[in-house]
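Below are the chains, spelled out letter by letter.
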Amino acid sequence: MQYVAIAIDGPAASGKSSVARRVAEHFGFLFVNSGAMYRSFTWWVLENQIDPANSAAVLELLGRSHFECALKDRSSVIRIDGRDVADALMHSEEVNGAVSSISAIPEVRRALVAEQQRFRSMGDLVMEGRDIGTVVIPDTPYKFYLDASAEVRERRRKAQGIDDDIRLRDLKDSSRDVAPLRTAEDAMRIDTSYLTLPQVADRVIQILHVEGVRRREPERPTMSWVYWLTYTLSKAFFRAAYGMEVHHAERAKVVGGAYFASNHASFLDPPLVGTALEEPIYYLARNTLFKPPLFTWLLPRLNTVPVDRDNAELSSLRISMQLVKEGKKMVVFPEGTRTPDGSLQPAQRGVGMLVAKTGVPVIPVRIFGSYEAYPRNRKLPRMDGKIHVVFGHPIYFSTEELATKGKTGQQAISTRVMDAIASLSLPDTSS
Ligand code: DC
C-alpha cells in the first residue's frame, strides 16, 4: 500500500507544527512531529544527568535506551524506556538549549530517522521537522518549506511565553554536518511572516488539493479469496444453525489497530467474532493446530498467527503486536482458555501486556450461546440454540494506565477489559 506522505520543514517558530497539524486534520492523515522525538531524547539525556556535549556518554545512553514510537489519537508519540515525555518537559528551557547539539550527533539521527520512516507504513501522514523532505522521505512529491523572518519568529516564541534562543538553534541546525536544515530543491517555499497560521495551512491544503491529494475514506481492508470464502460460508452456517445476531457492530468501527477482546466458551468463538465483522481480522492459535496439512495451508490464509503456549512471550506475540501497531485488528481472549462451565472466568495478564505494549484501543465483545452450542466437553457442536455477538464501546486506555509497569499494571488492564465484557448484556430483543 502506497501511502501519501507530506513533508513540512522549516526553522524554529516558522509555524510548522500548527500548520502540519491542521493539514493532517483536514485530510484525516496521521501527524508526525519529528522535533518532539529529538526533544524527548534530549530530555532523557538531561534526566540521566548526562552532559549533552559528551557525545560518548550520549551514545552510550542511546544504546541502552528503548524507543517506542507509536500513534495516539493519530499523532506520533514517543516513549523512552517506557516513559512518556510530557509536553512541558519537552519544551523546557533546558531542552531548548541542548536539543540542537544532541540532534547533530549522527547516530542519534540514524536511530530517530529510522523510527520516523517506520510511520510511513502506518498510513497517510504529514511529518514536520528539519530534514523530512531532504532525508526522511525525500521521495515524496509533497514537500513544503515554511519560513519567516527571525524577528517574526522570535516574537511568536515570546508570545508563547517560551524561552528559546531560536537564532542560535537555527544556526546550529543549519550548519551541522549531518542533515542540516535546508530547503529541498523540489519543496514549495512559503514565507509565513505576514500570514496567520490558518492562512498558511489553507494555502498548503489548496496546493495539495490541486496536486490531487484527497481525504481517504476509511478503507476496509480487502479479504483474500480464501478468507472471503471461509468467512461467507461460516457466516451462512452461523446464521442457519444458530440464528446468529450481531449487536452494536457500529462500535467496532475503530480507525487503526485494535484488539477485540471476547469471552471464551467454545471453539466457535474466533470465527463468531470474525464473521460478526465486515473486515478481515487476525487471530492467534495454538501452534499444534497448524499440524494437519490442510490447516498448515489454511490457517495462515485466515490471518492466524501460531502461538507456542510454552514460549508465549516469544516471536508470535511480537508479530501480533506488530500487526496491531500497523493498524490491523486482532481478536484475543482475556480468560486464556475456554470456560469449563459457561461462566466468565477471571482475566489473565496476557491481554494487559499486549495492550500496555502497543497502546491500541480494545473493543470488548461478549458472545452469548456459544457455550450451549459447543462446550469444551463435547466432541461435536449441537446444531441448535441461538447465538448473539454484542460489541461494547472501545476502551482507550490513559497514558497512566499504559505506563504502569510490570505485572500489576498489566493485570489491571486485563481486569478492566474483562469487566467491560462482563458488563455487556443481551440487548432486549423482545420489543
Ligand atoms: O521542531 P522543533 O523546534 O520542536 O525541533 C527541536 C529541535 O530538534 C530542532 O532545533 C532540531 C531538532 N530537529 C532535527 O534536528 N531534525 C528534525 N527533523 C526535527 C527537529
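Residues numbered from 1 in each chain as written. Predicted model: local features only at pLDDT ≥ 70, side-chain atom pairs only at ≥ 80, totals over all residues. Heavy atoms only, no water.

Now for the overall build of the protein. Within the protein, the regular secondary structure consists of 18 helices and 15 strands. C-alpha extents for the protein along the principal axes are approximately 75 × 50 × 45 Å. A total of 431 residues make up the protein; the buried ones form 51% of that total. Of all intrachain contacts in the protein linking residues separated by at least 6 positions in sequence, the fraction that spans at least 24 positions is 76%. Surface summary for the protein: the accessible area is close to 20,800 Å², and the carbon and sulfur share equals 54%. Where the 55 positive side-chain charges of the protein centre and where its 51 negative ones centre are 5 Å apart. (Helix = DSSP H or I, 4+ residues; strand = E, 2+ residues; numbered from the N terminus. Buried < 20%, exposed > 50% of the residue type's maximum accessible area, 1.4 Å probe, protein only. Contact = heavy atoms within 4.5 Å. Areas by Shrake-Rupley, 256 points an atom, 1.4 Å probe, with all protein chains shown as cover. Lys, Arg positive; Asp, Glu negative; His and termini not counted. Charge placed at Lys NZ, Arg CZ, Asp CG, Glu CD.)

Let's shift gears to the nonpolar core. Counting 35 residues, the largest nonpolar core has Phe41, Val58 and Val108 as the members making the most contacts within it. The element best represented in this core is helix 2 (residues 34-47), accounting for seven residues. With sequence-adjacent residues up to four places away left out, valine 108 is seen in contact with Tyr38, Phe41, Val58, Leu62 and Ile102. Within the second largest apolar cluster, 31 residues are counted, among which are Met223, Tyr231, Leu272 and Ala373. (Core = buried A, V, L, I, M, F, W, Y, C linked by side-chain atoms within 4.5 Å.)

Here we take up the environment of alanine 98. Here alanine 98 lies in helix 5 (residues 93-102). Since its relative accessible area comes to 7%, alanine 98 is described here as buried. In this structure the C-alpha to C-alpha distance between alanine 98 and threonine 42, which are 56 residues apart in sequence, comes to 6.8 Å. Once residues lying within four places of it in the same chain are set aside, the contact partners of alanine 98 are Thr42, Leu46 and Pro52.

Let us now look at the site of the ligand. In the vicinity of the ligand, 16 residues are found, and the nearest of them are Arg39, Arg109, Asp131, Arg169 and Asp173. Taking arginine 109, its side chain carries an N or O atom lying 2.8 Å from an oxygen atom of the ligand. Relative to its free-state accessible area of 440 Å², the ligand is covered by the protein chains to the extent of 97%. Its residues placed into classes, the shell around the ligand shows three nonpolar, five polar and eight charged. (Near = heavy atom within 4 Å. Polar contact = N/O pair within 3.5 Å; in protein donor to acceptor, adjacent residues only side chain to side chain. Nonpolar A, V, L, I, M, F, W, Y, C, P; charged D, E, K, R; others polar.)

With that out of the way, let us pick up the sheet that holds strand 14 (residues 362-368). Taken in spatial order, the five strands make up an open sheet running 9-15-14-10-13, and their pairing is mixed. A strand with exactly one partner marks an edge of an open sheet, and here the two such strands are strand 9 (245-247) and strand 13 (329-332). The mean angle between the axes of side-by-side strands here comes to 20 degrees, regardless of whether they run parallel or antiparallel. Across four bridges, the pairing between strand 14 and strand 15 (residues 388-391) is antiparallel. Residue pairing across strands places phenylalanine 368 opposite histidine 388, the latter belonging to strand 15. Sheet contacts for helix 14 (residues 315-325): strand 10 (258-262) and strand 13; angle to strand 10, the most-contacted strand, approximately 120 degrees. Set on the sheet, helix 18 (residues 406-422) makes contact with strand 10 and strand 14; between it and strand 14 the angle comes to about 45 degrees. (Pairing = 2+ DSSP bridges. Axes fitted to C-alpha atoms, helices over the stretch in contact; angles between N-to-C directions.)

This next bit is on the environment of phenylalanine 238. With respect to the secondary-structure elements, phenylalanine 238 resides in helix 11 (residues 225-242). Judged by its relative accessible area of 3%, phenylalanine 238 falls in the buried class. Put simply, phenylalanine 238 and leucine 323 are 85 residues apart on the chain and 28 Å apart in space, counted from C-alpha to C-alpha. Other than its neighbours up to four places away in sequence, phenylalanine 238 contacts Gly243, Met244, Leu268, Pro271, Leu272 and Thr275.

For the rest of this paragraph, the subject is helix 3 (residues 55-64). Of all the positions in helix 3, only Val58, Leu61 and Leu62 are classed as buried. On an axial view of helix 3, the arc spanned by its buried residues comes to 105 degrees, and they lie on one face. Across from the buried face of helix 3, at angles greater than 90 degrees, the exposed residues are Ala56 and Gly63. In the core, the buried residues of helix 3 are packed alongside helix 2, strand 3 (67-72), helix 5 and helix 6 (106-118). (Arc of directions from axis to C-beta.)

Looking now at empty space enclosed by the protein. Enumeration over the complete set of coordinates arrives at one cavity of 30 Å³ or more. The volume enclosed by the largest cavity comes to roughly 170 Å³. Broken down by secondary-structure element, the contributors of at least two residues to the lining of the largest cavity are strand 3, strand 4 (75-80), helix 15 (350-358) and helix 17 (399-403). At five residues, strand 3 tops the list of elements feeding residues into the lining of the largest cavity. Within the lining of the largest cavity, the residues separate by chemical class into six nonpolar, three polar and six charged. (1 Å grid on protein atoms, 1.4 Å probe; cavity = no way out; pocket = protein on both sides within 12 Å on 5 of 7 lines; lining within 4 Å. Points joined across faces, edges and corners; volume = space filled by probe spheres on them.)

Turning our eyes to something else, we now look at the packing of helix 2 against helix 3. Here helix 2 crosses helix 3 at 110 degrees, and the two axes come no closer than 11 Å. By the angle between their axes, helix 2 is roughly perpendicular relative to helix 3. Regarding helix 2 and helix 3, the two cross each other, and that crossing is right-handed. Here Phe41, Trp44 and Val45 of helix 2 lie close against helix 3, whose contacting residues are Val58, Leu61 and Leu62. Of the residues that constitute the contact of helix 2 with helix 3, the class distribution is six nonpolar, no polar and no charged. (Parallel < 35°, antiparallel > 145°, perpendicular 65-115°, else oblique. Left-handed = near helix turned anticlockwise from the far one by under 90°.)

Here the structure, examined in full by the defined rule, presents 20 salt bridges. The shortest N-O distance in the salt bridge between aspartate 164 and arginine 169 comes to 2.6 Å. For the pair formed by aspartate 164 and arginine 169, the shared burial category is buried. Among the ionic pairs, arginine 176 bridges to aspartate 173, the shortest N-O distance being 3.7 Å. (Salt bridge = Lys/Arg side-chain N within 4 Å of Asp/Glu carboxyl O.)

The next subject is the pairing of strand 1 (residues 5-9). Counted residue by residue, strand 1 has five buried out of five residues, so it is predominantly covered. Where burial is concerned, the two faces of strand 1 agree: the one with Ala5, Ala7 and Asp9 and the one with Ile6 and Ile8 are both buried. Note: strand 1 against strand 6 (residues 125-129), five bridges, orientation parallel. Bridged to alanine 7 within strand 6 is methionine 127. Looking at chain direction, strand 1 and strand 7 (residues 142-147) are connected through four bridges and run parallel.

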